Every structure is written in C-alpha cells, then in structure tokens.
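Take a look at the letters that make up each chain.
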Amino acid sequence: VQLQASGGGLVQPGGSLRLSCAASGSIFSINYMGWYRQAPGKERELVARITSSSSTNYADSVKGRFTISRDNAKDTVSLQMNSLKSDDTAVYYCNADITATGRARFTAWGQGTQVTVSS
C-alpha cells in the first residue's frame, strides 16, 4: 500500500493550490485520510482530516481557507488551499488509516510535497 501526493509548488500570497493524494495497493478499507505539514524547524502538524463518512476537522490556522475532500471510490483525498499565506509554507504530507486486504491496520504516509508561498 502506498500514498502518492501531488500538486505542490510556488504560489504568491493570496493565491491557491490544490493538493491531491491517491492510495493504491491491497486496500480493504480506509478510515480517515488527512494532510499534515512540516515547516522548517517546526514539528509536523495536522492540517485537515476527513473520515469515510466525510466528517472533517481542520487546524484553526486554516479554517475558512482550506477545504479537504475525498473520493471513496477512488481512494483519493484532496486539499484545496485558498488565500495562502507565507506561514503556509511547508512540506505537506498526506496520510491515511488503512485496513489492508489481509486485515492488518496501519497508518500510511505519502512522500511529501513542497508548498512555498512567496512573492
């Protein structure tokens, strides 16, 4: 099982980016999917999370600006980021709570994608 993230890049303050992440492999089910980020010199922090029933939660710093969504049929999760600020600059990681076809349950992480907000 692996997670493949895409969509990072360089954007000006106030701009938008959309991150996507696809899970693949021997997946039986996915409970939650989410995005974390880690800025230089800081700990990794939760940005947003969405359950299989589409219940969401967000970090206070991104509420009203970021929207997380998922496609259960395709095992994908996306993060729409609007009104980006320099403080949003970080490496963004997708993760998922996965039950594999052999019923082993574990947390998978994507490889990380760089988001840089700068003029």
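Residues numbered from 1 in each chain as written. Predicted model: local features only at pLDDT ≥ 70, side-chain atom pairs only at ≥ 80, totals over all residues. Heavy atoms only, no water.

### As for the pairing of strand 5 (residues 45-50)
Inference 1: Of the strand pairs in this sheet, strand 4 (residues 27-38) and strand 5 are connected by five bridges, and their pairing is antiparallel. For Tyr36, the partnering residue across the bridge sits in strand 5 and is Leu46.
Inference 2: The antiparallel hairpin formed by strand 4 and strand 5 contains six residues in its connecting segment, where Gly41 sits at a positive phi of about 80°.
Inference 3: Taken together, strand 5 and the strand that follows it, strand 6 (residues 56-58), pair antiparallel across an intervening segment of five residues, in which Ser54 is found at a positive phi of about 70°. (Pairing = 2+ DSSP bridges. Helix = DSSP H or I, 4+ residues; strand = E, 2+ residues; numbered from the N terminus.)

### Things to note about the sheet that holds strand 3 (residues 17-24)
Inference 1: Strand order across the open sheet formed by four strands is 1-3-8-7, with antiparallel pairing between neighbours. Only two strands of the sheet have a single neighbouring strand rather than two, namely strand 1 (2-6) and strand 7 (66-71). Shown here is a sheet whose adjacent strand axes are inclined to one another by a mean of 15°, direction ignored.
Inference 2: With six bridges joining them, strand 3 and strand 8 (residues 76-81) adopt antiparallel strand pairing. What sits directly across from Cys21, in strand 8, is Val77. (Axes fitted to C-alpha atoms, helices over the stretch in contact; angles between N-to-C directions.)

### Observations regarding the nonpolar core
Inference 1: Leu3, Trp35, Val47, Phe66, Leu79, Met81 and Tyr92 are the most contacted members of the largest nonpolar core, which has 31 residues in total.
Inference 2: Of all the secondary-structure elements, those providing two or more residues to this core are strand 1, strand 3, strand 4, strand 5, strand 7, strand 8, strand 9 (90-100) and strand 11 (113-117).
Inference 3: Here this core gets five residues from one element, more than from any other, and that element is strand 9.
Inference 4: Excluding residues that lie within four positions of it along the chain, Leu79 makes contacts with Leu17, Arg18, Leu19, Trp35, Val47, Ala48, Phe66, Thr67, Ile68 and Tyr92. (Core = buried A, V, L, I, M, F, W, Y, C linked by side-chain atoms within 4.5 Å. Buried < 20%, exposed > 50% of the residue type's maximum accessible area, 1.4 Å probe, protein only. Contact = heavy atoms within 4.5 Å.)

### Some words on the side chain of Arg37
Inference 1: Within the fold, Arg37 resides in strand 4.
Inference 2: Side-chain polar atoms of Arg37 contact the side chain of Glu45, separated by 2.7 Å.
Inference 3: Only 3.3 Å separates the side chain of Arg37 from the side chain of Ser61, close enough to count as a polar contact.
Inference 4: Residues contacting Arg37, with those up to four places away along its chain left out, are Glu43, Arg44, Glu45, Val47, Ser61, Val62, Phe66, Asp87, Asp88, Ala90, Val91 and Tyr92. (Polar contact = N/O pair within 3.5 Å; in protein donor to acceptor, adjacent residues only side chain to side chain.)

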